[in-house]
Amino acid sequence: MNQIYNFSAGPATLPKEVLQQARDEMLDWHGCGMSVMEMSHRGREFTSIIESLEQDLRELANIPSNYKILFLQGGASSQFAMVPMNLLRGKTKADYIHTGQWADKAINEAKRFCFVNIAASSEDARFTCIPPQDQWSIDRDSAYIHLTSNETIGGVEFHWTPELPLDHDMPIVADMSSNILSRPLDVTRYGLIYAGAQKNLGPAGLVLVIIREDLAGFAQPGTPTLFDYQVHIAHDSMYNTPPTYAVYITGLVLKWLRRQGGLEAIEQINIRKSALLYDFIDSCDFYHCPVAKADRSRMNIPFTLKDSALDTAFLEQAEANGLVQLKGHRSVGGMRASLYNAMPMEGVVQLVEFMKEFANKNA
Ligand SMILES: *Cc1c(COP(=O)(O)O)cnc(C)c1O
């Protein structure tokens, strides 16, 4: 099999060791004679898998016991609706920070349930930065404030957590789909965190929700059972069948992450990987990254070529060199390199080497 490096934004590359382990355990998990795919979600084998995933997550991200962890389906997109359905708690407004296309989707869904106050937006800067907190205008009557910690398409990332005044009883809700567990995080600064698994955690089909327990139990009347966090909390994510195989693979990914040294260690690697690519892009005028330096994502790096007529040749030659899925999102064009936890440093080294050669040949 050819060695390739996969820069897809999601579903995305997984650690090779994890895939090898899954292959070895495919037909017979730990001597039980079954594949994980064939197990009852209520049996003792799968129970040990999901409990071990929860424990590893709690230890890795230091999640206190008053936060409940849910393993759900429906993708991060389902949370765009579940958040307002559950967290309005009798209020009629919610604040959103508008930083790009994913924030926009969350905003549009929330509008079906409440009045949305856009507390800050980087639209004027064409979503190339994160609006600084001194420019936010928070509505104190809002039930919560929602942000997108990493815009997967635009390539902008929060490198800070907002500080709300102490007398604000307004939980921060964060869509962390594309940067969760890429760096240490202080869960206690948030009321609710959600993340689709297929960027930085595992395969598609699983969405992770971390919710402060006092915020659950207030779903608005008429909320369908499956959209009520309290139902999932009461049933330990087993009200209905969880995405069992995705839970299993995510568990293997977290064990891999612990072997890498945990979040502090992976953050240092992520800083080095992204700096290698950004520094190269900035060092030559053949490539360009539009994002403000202070707000550049370590996970998703969009860039353009000096002449977009070269895009197709770039992608074809990259692929011939084993560097795949570099095409930018259809809405922005150009290129995008996603450097999630599972992308090894060697992949970035090879990408930069290729980009250098391509620039030299086509300058
Ligand atoms: C991919 C993504 C989503 C949507 O995830 P689905 O699992 O496809 O619903 C939402 N938010 C962000 C930041 C994403 O990167």
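All values reported here derive from a predicted model rather than from experimental measurement.

What follows covers the site of the ligand. Near the ligand you find 13 residues, and of these Ser77, Thr152, Asp175, Gln198 and Lys199 are the closest. Within the contact set of the ligand, an oxygen atom lies 2.6 Å away from a side-chain nitrogen or oxygen of Ser77. When the free accessible area of the ligand is taken as 380 Å², the share hidden by the protein chains comes to 87%. Tallying contributions element by element places helix α3 (residues 75-87) first for the shell around the ligand, with four residues. Among the residues forming the shell around the ligand, the class breakdown is three nonpolar, eight polar and two charged.

Turning next to the sheet that holds strand β14 (residues 335-338). Pairing is antiparallel in the open sheet, where three strands are placed in the order β11-β12-β14. Single-partner strands in this sheet number two, and they are β11 (287-288) and β14.

A few words on the domain arrangement of the protein chain. By a widely used convention, the size of an interface equals the accessible area lost when the partners come together. Structurally, the protein chain comprises domain 1 (17-259) and domain 2 (261-362). Here the C-alpha centroids of domain 1 and domain 2 sit 27 Å apart. Taken together, the 28 residues of domain 1 in the interface contact 26 residues of domain 2. Of the roughly 2,100 Å² buried at the junction of domain 1 and domain 2 (both faces included), carbon and sulfur atoms supply 54%. Put simply, domain 1 and domain 2 have zero salt bridges between them. For the pair domain 1 and domain 2, the interface holds 17 residue pairs in polar contact (both at pLDDT 80 or more). Going through the elements one at a time, α2 (44-61), β6 (150-151), β7 (156-157) and α6 (244-259) are the ones with two or more residues in the side of domain 1 that touches domain 2.

All right, on to the sheet that holds strand β4 (residues 115-121) then. Overall, mixed pairing links the seven strands, which are arranged β2-β10-β9-β8-β5-β3-β4 in an open sheet. Looking at strand neighbours, the two that pair on one side only are β2 (67-72) and β4, the edges of this open sheet. The mean inter-strand angle of the sheet, taken between neighbouring strand axes irrespective of direction, is 20°. Strand direction decides the pairing type here: strand β9 (residues 192-196) and strand β10 (residues 207-212), joined by five bridges, are antiparallel. By the bridge assignment, Leu192 is partnered in β10 with Ile211. Against the sheet, α2 engages β2 and β10, with an angle of about 130° to β2. Packed on one face of the sheet, α3 meets β2, β3 (93-98), β8 (172-175), β9 and β10 and runs near 160° to β9.

Time to look at the nonpolar core. For soluble globular proteins, the rule of thumb is that nonpolar side chains tend to be buried together. In terms of nonpolar packing, the biggest core is built from 83 residues, with Leu277, Tyr287, Phe314 and Met355 touching the most fellow members. Grouped together as the second largest cluster of nonpolar side chains are 27 residues, Ala76, Phe80, Ala106 and Tyr144 included.

Each α-helix winds once per 3.6 residues, and so residues spaced three or four apart point in a common direction. Under the 1.5 Å per step criterion, the end-to-end length of α6 is 23 Å for 16 residues, consistent within 8% with the ideal 22 Å. Counting buried positions along α6 yields twelve of 16 residues, so the element is predominantly enclosed. Those residues of α6 not exposed but buried are Thr244, Ala246, Val247, Tyr248, Ile249, Thr250, Gly251, Leu252, Val253, Leu254, Trp256 and Leu257. Summarising the contacts, the buried residues of α6 are in contact with α1 (16-24), α2, β2 and α7 (262-283).

Cut-offs used in this document
- Residue positions within a chain follow its written sequence, with the count starting from 1.
- Restriction of local features to residues with pLDDT of at least 70 applies here, the model being predicted, together with a cutoff of 80 or more for giving and counting side-chain atom pairs; totals for whole chains, interfaces and linings are based on all residues.
- Derived side-chain values reflect all non-hydrogen atoms in the structure, with water molecules and hydrogen atoms excluded from consideration.
- We call a residue near a given molecule or strand whenever any one of its heavy atoms falls within 4 Å of it.
- Pairs of N or O atoms within 3.5 Å make up the polar contacts considered here, provided that, within protein, one atom can donate a hydrogen while the other can accept it, and that residues adjacent in sequence are counted only when both atoms are side-chain atoms.
- Computed with the Shrake-Rupley method and a 1.4 Å probe, the accessible areas treat only the protein chains shown as cover for residues.
- Numbering of helices and strands starts at the N terminus; helices are DSSP runs of H or I of at least 4 residues and strands are runs of E of at least 2.
- Throughout, the ten residues Ala, Val, Leu, Ile, Met, Phe, Trp, Tyr, Cys and Pro are labelled nonpolar, Asp, Glu, Lys and Arg are labelled charged, and all others, Gly among them, are labelled polar.
- For two strands to pair, DSSP has to find at least two bridges joining them.
- The domain boundaries here were taken from an automatic or database domain assignment.
- Working rule for contacts: check all heavy atoms of both residues, and any pair within 4.5 Å makes them a contact.
- Defined here as a combined quantity, buried area equals the accessible surface (1.4 Å probe) lost by two parts on assembly, summed across both.
- We count a salt bridge whenever a side-chain nitrogen from Lys or Arg sits within 4 Å of a carboxyl oxygen from Asp or Glu.
- Interaxial angle, 0 to 180 degrees, is taken between N-to-C directions of lines fitted to C-alpha atoms, where a helix line uses only the stretch in contact.
- To qualify as a nonpolar core, a set must consist of buried Ala, Val, Leu, Ile, Met, Phe, Trp, Tyr and Cys residues joined through side-chain atoms within 4.5 Å.
- The rule is simple: take the accessible area with a 1.4 Å probe, protein chains only, and divide by the maximum for that residue type; under 20% is buried, over 50% is exposed, in between is partly exposed.
- To estimate the expected span of a helix, count its residues, drop one, and scale the result by 1.5 Å.

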